[in-house]
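Inside the fold
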Amino acid sequence: MKKIAVIGAGTMGNGIAHVFAQTGFTVRLIDVSQVSLDKGFATISKNLDRMVVKEKISESDKASTLGNIKLFSNLKEGVAQADLVVEAATENIDLKLKIFKDLDTLCEAGTILATNTSSISITQIAAATSRPEKVIGMHFMNPVPIMQLVEIIRGYSTSDETTTTVMELAKTLGKTPTEVNDYPGFVANRILMPMINEAIETLQHGVAGVTEIDTVMKLGMAHPMGPLQLADFIGLDVCLSILNVMYNGFKNPKYAPSPLLVNMVMAGKLGVKSREGFYDYSEHKKAEIVSTQFLKG
């Protein structure tokens, strides 16, 4: 495992590329958008600058990390001779199935194909390939350079060899890999998303306001971030997507997304990425609460 390809230069993709490159791997960061590639590379550089300021790494460490990353807008060129491909594209099943179908024809027979999906079935993704034994879930947490956990999800046909290889690889990155089985939402989001959804329901029903709900969970339950602020950080569209996967997968109404969450996503209020969710993240404000009238639907 020396050559790593990462598909998607967004928040998760550039974070995954960052940790592999910093550990000494050769990384090819792939995205169809050159703008996204440039932005992702700039984000990695900025995050490394923060580590230099905090004296966690040296300037030479930063330079070598950035030197380990090459940018590609062509999938075929990007994944050529890769030992491992980590897909970190948008949480959309149709897109992921297409990517894995393409990877199966473009990658060498021994290449392991991993997905950073936060909820979608690994077994379903693996079925789009002729190598299901080499397909696995490698779910990093956000922000990737900081968070230690990596959920390792075995599909129905994922081999022991593939699982062991990826588990050891995650340890090499300084992460703590935790093996889980292939059910909608896996472990992290199966527990986290219903909590976030319930916080949104609590807000919509007028039990308490945004600040009050987040304060209760931070001070009462020792959470570092309240559920509504966390939802903004994750992306309300991502939260909705994960809840829909669980609702469709289990057919259980307890996973049904809150109508307020659905409305906010339809209105384009996606959280930090759109600069407005439960809080306002515009340049002249610092996470101020948005209109209570809108939040109550």
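The structure presented is a predicted model; accordingly, all values stated were derived computationally and were not measured.

Another point: the overall build of the chain. Secondary structure summary: the chain contains 13 helices and 10 strands in total. Its C-alpha atoms give the chain a radius of gyration of 19 Å, near enough to 19 Å, the size a compact globule of 297 residues would have. Taken along its principal axes, the extent of the C-alpha atoms in the chain is 55 × 45 × 35 Å. Put simply, the chain has 297 residues, and 45% of those count as buried. Summarising the internal contacts of the chain: among those between residues at least 6 apart in sequence, 65% fall at separations of at least 24. A total accessible area of about 14,300 Å² is found for the chain, and carbon and sulfur atoms account for 54% of it.

Bringing the pairing of strand 4 (residues 84–87) into the picture now. On a regular strand, each side chain points to the face opposite its neighbour's, so the side chains alternate between the two faces of the sheet. Side chains of strand 4 alternate between two faces, with Leu84 and Val86 and Val85 and Glu87 buried alike. Bridging between strand 1 (residues 3–7) and strand 4 involves four bridges; their strand directions are parallel. What sits directly across from Ala5, in strand 4, is Val85. Judged from the four bridges that link them, strand 4 and strand 5 (residues 112–115) form a sheet pairing that is parallel. Looking across to strand 5, one finds that Val85 is bridged to Leu113. For the crossover that starts at strand 4, traverses helix 5 (residues 93–106) and ends in the parallel strand 5, the hand is right-handed.

Counting across every chain of the model gives 10 salt bridges. Close ionic contact of Asp237 with Lys273 constitutes a salt bridge, the shortest N to O distance being 3.1 Å. Here Lys273 lies in the loop between helix 12 (259–266) and strand 9 (279–280) and Asp237 lies in helix 11 (residues 236–250), a separation of 36 residues in the sequence.

A few words on helix 2 (residues 34–53). Relative to the 28 Å expected for 20 residues at 1.5 Å per residue, helix 2 spans 29 Å between its end C-alpha atoms, a close match to the ideal helical length. Those residues of helix 2 hidden inside the fold are in contact with helix 1 (11–22), strand 2 (26–30), helix 3 (59–67) and strand 3 (69–72). A distance of 3.3 Å separates the backbone nitrogen of Val35 from a side-chain oxygen at the start of helix 2, and that oxygen is part of Ser33. Positive phi shows up at Glu55, right after helix 2, with a value of about 60°.

Glancing now at the UniProt feature "domain: 3-hydroxyacyl-CoA dehydrogenase C-terminal" (unreviewed entry) in the chain. According to UniProt, the feature "domain: 3-hydroxyacyl-CoA dehydrogenase C-terminal" (unreviewed entry) maps to residues 185–281 in the numbering used here. In residues 185–281, helix accounts for 62% and strand for 2%; the two terminal C-alpha atoms are 28 Å from one another.

Before going further, it helps to spend a moment on a positive patch on the surface. Together, Lys46, Arg50, Lys54 and Lys56 give the surface a local cluster of positive charge. Positionally, Lys54 belongs in the loop between helix 2 and helix 3.

Spatially, eight strands are ordered 3-2-1-4-5-6-7-8 in an open sheet, and the strand pairing comes out mixed. Whereas interior strands pair on both sides, the edge strands pair on one side only; in this sheet they are strand 3 and strand 8 (176–181). The mean inter-strand angle of the sheet, taken between neighbouring strand axes irrespective of direction, is 25°. In the sheet, strand 1 pairs with strand 2 via five bridges, with the strands oriented parallel. Bridging from a neighbouring strand, Val6 pairs with Leu29 of strand 2. Helix-sheet contacts for helix 5 involve strand 1, strand 4, strand 5 and strand 6 (135–140), and the interaxial angle to strand 5 is about 170°.

By size, the foremost hydrophobic cluster in this structure holds 36 residues, and its most contacted members are Ile16, Phe20, Val27, Leu84, Met138 and Phe140. Counting residues per element, this core draws most heavily on helix 1, at six residues. Residue contacts for Phe20: discarding those within four places in its chain leaves Ile4, Phe25, Val27, Leu84, Val86, Met138, Phe140, Leu169 and Leu173. By size, the runner-up hydrophobic cluster in this structure holds 25 residues, among which are Ala199, Leu203, Cys239 and Leu240.

The rules behind each value
Residues numbered from 1 in each chain as written. Predicted model: local features only at pLDDT ≥ 70, side-chain atom pairs only at ≥ 80, totals over all residues. Heavy atoms only, no water. Helix = DSSP H or I, 4+ residues; strand = E, 2+ residues; numbered from the N terminus. Rg over C-alpha atoms; globule rule 2.2 N^0.38 Å. Buried < 20%, exposed > 50% of the residue type's maximum accessible area, 1.4 Å probe, protein only. Contact = heavy atoms within 4.5 Å. Areas by Shrake-Rupley, 256 points an atom, 1.4 Å probe, with all protein chains shown as cover. Pairing = 2+ DSSP bridges. Right-handed = clockwise from strand over helix to strand, strands pointing away. Salt bridge = Lys/Arg side-chain N within 4 Å of Asp/Glu carboxyl O. Expected span 1.5 Å × (residues − 1). Polar contact = N/O pair within 3.5 Å; in protein donor to acceptor, adjacent residues only side chain to side chain. UniProt positions renumbered as here; feature names shortened; annotations may be inferred. Patch = residues over 30% accessible without salt bridge, like charges linked within 9 Å, V, L, I, M, F, W, Y side chains within 5 Å. Lys, Arg positive; Asp, Glu negative; His and termini not counted. Charge placed at Lys NZ, Arg CZ, Asp CG, Glu CD. Axes fitted to C-alpha atoms, helices over the stretch in contact; angles between N-to-C directions. Core = buried A, V, L, I, M, F, W, Y, C linked by side-chain atoms within 4.5 Å.

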